[in-house]
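# Reading the structure
Spelled out, the chains give:
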Amino acid sequence: MNTRSHDVIILGSGLAGLRAAVEIARNPDIDVAIISKAQLMRSNSVGAAGGTAAVMRPEDGDSFELHAWDTVKGADFLADQDVIMRFVEAMPGEILRLEHWGIPWARRTDGRINQRPFGGHSYPRATFASDKTGFYEVHALYDTLQKYGGVNVYAEVYISSIIIEDNIFRGVTAWDLTTGEFFFIQGKTLIIASGGACRMFGFTTHSYMATGDGMAMAYRAGIPIKDLEFLQFHPTGLVPSGILITEAARGEGGYLLNNKGERFMEKYAPERMELSPRDVVSRAETTEIVEGRGFNGPGGLDYVHCDLRHLGADKINERLPGIREVAMRFNFIDPIFEPIPIRPVAHYCMGGIHTNIDGATPVENIWAAGETACGSLHGGNRLGSNSTAECLVWGQITGEKAASYVSGHKSFPALPGEEKSKQEEARLFGRFKADGKEKSYDIRKELQKTMDGQLSVYRTGPEMEAALKKVKELKQRVPDMQVKDRGRIYNTDLLSAMEVENLLDLAEVLVTGALARTESRGAHSRRDFTKRDDINWLKHTLAYWTPDGPRLDYIPVTITMWQPVEKK
Ligand SMILES: Cc1cc2nc3c(=O)[nH]c(=O)nc-3n(C[C@H](O)[C@H](O)[C@H](O)COP(=O)(O)OP(=O)(O)OC[C@H]3O[C@@H](n4cnc5c(N)ncnc54)[C@H](O)[C@@H]3O)c2cc1C
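Not measured: the values here are computed from a predicted model.

What counts and what doesn't
- Residues numbered from 1 in each chain as written.
- Predicted model: local features only at pLDDT ≥ 70, side-chain atom pairs only at ≥ 80, totals over all residues.
- Heavy atoms only, no water.
- Helix = DSSP H or I, 4+ residues; strand = E, 2+ residues; numbered from the N terminus.
- Rg over C-alpha atoms; globule rule 2.2 N^0.38 Å.
- Buried < 20%, exposed > 50% of the residue type's maximum accessible area, 1.4 Å probe, protein only.
- Contact = heavy atoms within 4.5 Å.
- Near = heavy atom within 4 Å.
- Polar contact = N/O pair within 3.5 Å; in protein donor to acceptor, adjacent residues only side chain to side chain.
- Areas by Shrake-Rupley, 256 points an atom, 1.4 Å probe, with all protein chains shown as cover.
- Nonpolar A, V, L, I, M, F, W, Y, C, P; charged D, E, K, R; others polar.
- Pairing = 2+ DSSP bridges.
- Axes fitted to C-alpha atoms, helices over the stretch in contact; angles between N-to-C directions.
- Salt bridge = Lys/Arg side-chain N within 4 Å of Asp/Glu carboxyl O.
- Right-handed = clockwise from strand over helix to strand, strands pointing away.
- Expected span 1.5 Å × (residues − 1).
- Core = buried A, V, L, I, M, F, W, Y, C linked by side-chain atoms within 4.5 Å.
- Parallel < 35°, antiparallel > 145°, perpendicular 65-115°, else oblique.
- Left-handed = near helix turned anticlockwise from the far one by under 90°.

### Quick look at the overall build of the protein
- In terms of helices and strands, the protein carries 16 helices and 21 strands.
- Its C-alpha atoms give the protein a radius of gyration of 23 Å, near enough to 24 Å, the size a compact globule of 568 residues would have.
- For the protein, the spread of C-alpha atoms along the three principal axes comes to 65 × 55 × 50 Å.
- Across the 568 residues of the protein, 62% fall into the buried class.
- Counted over contacts in the protein with a minimum sequence separation of 6, partners at least 24 positions apart contribute 74%.

Shown next as structure tokens:
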């Protein structure tokens with residue numbers, strides 16, 4: 001078996017993976033590998049724009065309790081409150097660490113770190129670097145990583161499976177896209193930081209690589225997926241591309257207008273207006289569009305307006321230059337003079353790989369961090385700027401935990417039998433035939449059409465049943481997928497087929513969990529069950545893989561300080 005060995009394997013080089021790598025690399029005795037199916041700096045994280053939440057000004061009235069309460073309420077009470085407290089307390093340290101590692105945080109006139117308002121936060125606590133926060137964060141972490149030796153980089157290497165035997169992680173199977181080589185990477189520990197899965201939707205802010213591979217592999221290897229039915233629709237996706245117009249646009253004072261020129265949020269959330277939590281704003285926009293107060297858009301993508309004109313050229317150029325550039329390049333619109341066409345867009349997986357407060361999965365030497373994980377920080381609805389923050393906090397924690405596990409385990413777990421690797425190589429390169437009848441492109445498109453149409457901002461039982469039937473039908477067509485390219489080097493045809501299979505497994509989990517949950521909570525809004533039902537549904541969904549589809553189980557929500565109250 002062609003094998004490499006590393007103490008810690010980090011699957012993913014986004015914010016969570018890089019933060020974990022920095023934490024581990026500080027220990028020169030530990031051999032760490034960081035793996036990305038794209039170039040190292042091409043993760044989804046570089047697109048993060050608006051900011052990273054942290055309590056930085058307690059002297060001006062912000063507090064851990066306030067940040068925690070905003071997060072609990074935003075989550076519609078489905079988040080674990082012990083997890084939230086740990087998060088808010090850890091965040092200021094992460095902001096200062098990044099500062100020391102060289103990030104150019106925006107400044108106030110007195111020289112202190114600046115922060116901007118974000119939806120659902122009752123205090124302006126989104127720390128930012130222009131409207132390119134994720135880009136600067138990724139670069140600050142990468143630069144810091146260069147200070148340390150012992151970091152092995154596997155760029156453009158696709159991980160196809162996670163091998164677990166006797167509930168112990170053994171290693172991952174890897175395909176080097178640049179050379180075609182297939183090999184096994186043995187590890188003492190694994191941190192899964194492989195990002196979200198929003199590419200199961202067609203209209204999404206996620207990059208093409210966000211196909212939930214790590215989640216799907218973990219699921220198939222026996223680790224449960226938690227709360228995947230909660231998928232966030234961000235209120236401001238640029239029509240028709242789906243590119244994100246950052247929440248910072250509203251944080252800096254932008255308005256949402258319908259076709260009558262009304263700031264319609266007045267009707268839905270008069271206090272917080274455009275800066276209400278994302279689920280609230282997305283539902284309001286959808287109602288405006290459905291009731292005829294939107295604008296006709298291409299391909300059914302009807303929209304409302306995000307208007308920045310009143311902010312003036314100076315503010316737009318200083319605080320939102322990236323947004324202006326995107327609007328001009330993709331829509332030939334200059335936001336200084338014209339409003340931007342936007343609508344709700346699939347943006348973030350609140351659910352993911354089931355972890356505890358330490359980011360530990362049920363397998364003793366596997367952790368998960370970042371968007372792929374569900375440690376229950378975001379519950380039913382994530383607050384903007386809490387995700388990059390989560391990546392930093394649990395990148396650090398899981399890095400520290402994995403390093404300490406390695407210190408206590410001098411030898412590697414036994415290699416799995418050689419046939420495991422051989423089987424996976426055969427599955428990867430042999431399963432799809434050149435003369436298969438189905439194109440992965442068609443299956444992906446049909447999946448996206450189903451999810452966009454039936455699992456969007458508002459859901460109903462019959463629509464979801466139809467969606468589940470469709471997803472199952474698409475899954476049955478997978479074995480007949482055609483892969484014409486028989487080579488192993490940069491075989492994007494094959495890569496796409498593998499990714500589609502991952503998306504289908506996760507779509508099945510999402511729809512099954514959503515159908516079962518007969519209530520409306522956070523981003524899961526049902527027209528046939530319009531109320532939150534704490535008696536029956538104040539619990540987390542766990543989905544376990546079986547050959548016949550997901551088996552659902554439930555575990556309680558941890559409530560420490562705040563009993564659920566109506567979310568108004
Ligand atoms: C446009 C946009 C703007 C956003 N703005 C903000 C914001 O302002 N504030 C905020 O808090 N959040 C924001 N978010 C959310 C936040 O950026 C993401 O949730 C977060 O960055 C995800 O980071 P991650 O490390 O979990 O994963 P990612 O950055 O998605 O990285 C995943 C990594 O896993 C690798 N990978 C995946 N599968 C495989 C495989 N099979 N083999 C090998 N490698 C693999 C990828 O190559 C990549 O390196 C935004 C999201 C988007 C899309």
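### Remarks on the site of the ligand
- Looking at the ligand, there are 40 residues lining it, with S45, G50, E371, S387 and T388 nearest.
- In the environment of the ligand, an oxygen atom lies 3.0 Å from a nitrogen or oxygen atom belonging to the backbone of A16.
- In the environment of the ligand, a nitrogen atom lies 2.9 Å from a nitrogen or oxygen atom belonging to the side chain of D213.
- In isolation the ligand has 1,000 Å² of accessible area, and contact with the protein removes 97% of it.
- Listing elements by their share of the shell around the ligand, those giving two or more residues are α1 (15-25), β2 (32-36), β7 (157-165), α5 (213-220), β14 (340-349) and α11 (386-408).
- In terms of residues, the shell around the ligand owes the most to one element, α11, which gives four residues.
- Residue composition of the shell around the ligand, grouped by class: 16 nonpolar, 20 polar and four charged.

### Some details on the sheet that holds β14
- Sheet architecture is open: four strands sit in the order β11-β14-β13-β12, paired in antiparallel fashion. For this open sheet the edge positions go to β11 (231-238) and β12 (255-257), each flanked by a neighbour on one side alone. Strand-to-strand twist across the sheet, computed as the mean angle between neighbouring axes with direction ignored, equals 45°.
- Relative to β14, β11 runs antiparallel, the two sharing six bridges.

### A word on the pattern of salt bridges
- Scanning all chains against the criterion turns up 54 salt bridges.
- One salt bridge in this structure joins K475 and D505, with 2.9 Å as the shortest N-O distance. Taken together, the residues K475 in helix α14 (residues 461-477) and D505 in helix α15 (residues 492-516) connect sequence positions 30 residues apart.
- For R532, the salt bridge identified is with D534, shortest N-O distance 2.9 Å.

### Quick word on the pairing of strand β1 (residues 3-11)
- Bridge analysis of β1 against strand β9 (residues 182-192) gives eight bridges, and the strand direction is parallel. Across the sheet, the residue bridging to H6 is G187, located in β9.
- Of the crossover connections in this fold, the one passing from β1 over α1 to the parallel β2 is right-handed.

### Remarks on the sheet that holds strand β5 (residues 126-127)
- Sheet architecture is open: three strands sit in the order β3-β5-β4, paired in antiparallel fashion. Sheet topology places β3 (52-53) and β4 (115-116) at the edges, where each strand pairs with a single neighbour.
- Relative to β5, β4 runs antiparallel, the two being bridged by two bridges. Among the inter-strand pairings, R116 is bridged to a residue of β5, identified as A126.

### Some remarks on α15
- Across its 25 residues, α15 extends 36 Å between first and last C-alpha, which sits within 8% of the 36 Å expected from 1.5 Å per residue.
- Judged by how many residues are buried, α15 sits mostly within the fold: 22 of 25 residues are covered.
- For α15, the side-chain oxygen to backbone nitrogen distance between the N-cap and D493 is 3.2 Å, and the N-cap itself is N491.

### Observations regarding the environment of Y490
- Relative to the assigned elements, Y490 resides in the loop between α14 and α15.
- Once residues lying within four places of it in the same chain are set aside, the contact partners of Y490 are E156, L177, T178 and D485.

### Considering the nonpolar core
- I162 and M200 are the most contacted members of the largest nonpolar core, which has 72 residues in total.
- Ranked by residues supplied to this core, first place goes to α15 with 14 residues.
- I34, V72, I95 and I113 belong to the second-largest nonpolar core, a separate cluster that totals 56 residues.

### Overview of the packing of helix α2 (residues 64-74) against helix α3 (residues 81-100)
- For the pair α2 and α3, interaxial distance at closest approach is 9 Å and the crossing angle is 135°. Considering their axes alone, α2 and α3 lie oblique with respect to each other. Our pair here, α2 against α3, has a crossing hand that is right-handed. Across from F64, E65, H67, A68, T71 and V72 in α2, the residues of α3 making contact are Q81, I84, M85, F87, V88, E89 and P92.

### Considerations on the environment of L504
- Along the polypeptide, L504 turns up in helix α15.
- Among the residues examined, L504 registers a relative accessible area of 1% and is labelled buried.
- Among all residues touching L504, those that are not within four sequence positions of it are I443, L447, V471, L474, K475 and V478.

### Thoughts on the pairing of β2
- Of all five residues that make up β2, five are buried, and the element is covered over most of its length.
- Of the two faces of β2, both are covered, the one formed by V32, I34 and S36 as well as the one formed by A33 and I35.
- With five bridges joining them, β2 and strand β6 (residues 151-155) adopt parallel strand pairing. Bridge pairing in β6 links I34 to V153.

### Considering the environment of M498
- Relative to the helices and strands, M498 resides in helix α15.
- Residue classification places M498 among the buried positions, given a relative accessible area of 2%.
- The sequence separation of M498 and L428 amounts to 70 residues, and the corresponding C-alpha distance is 8.0 Å.
- Setting aside chain neighbours within four positions, we find M498 in contact with Y158, R427, L428 and F432.

### A few points about the side chain of N331
- Assignment of secondary structure puts N331 in helix α10 (residues 321-331).
- Once residues lying within four places of it in the same chain are set aside, the contact partners of N331 are L238, V239, P240, V326 and P341.

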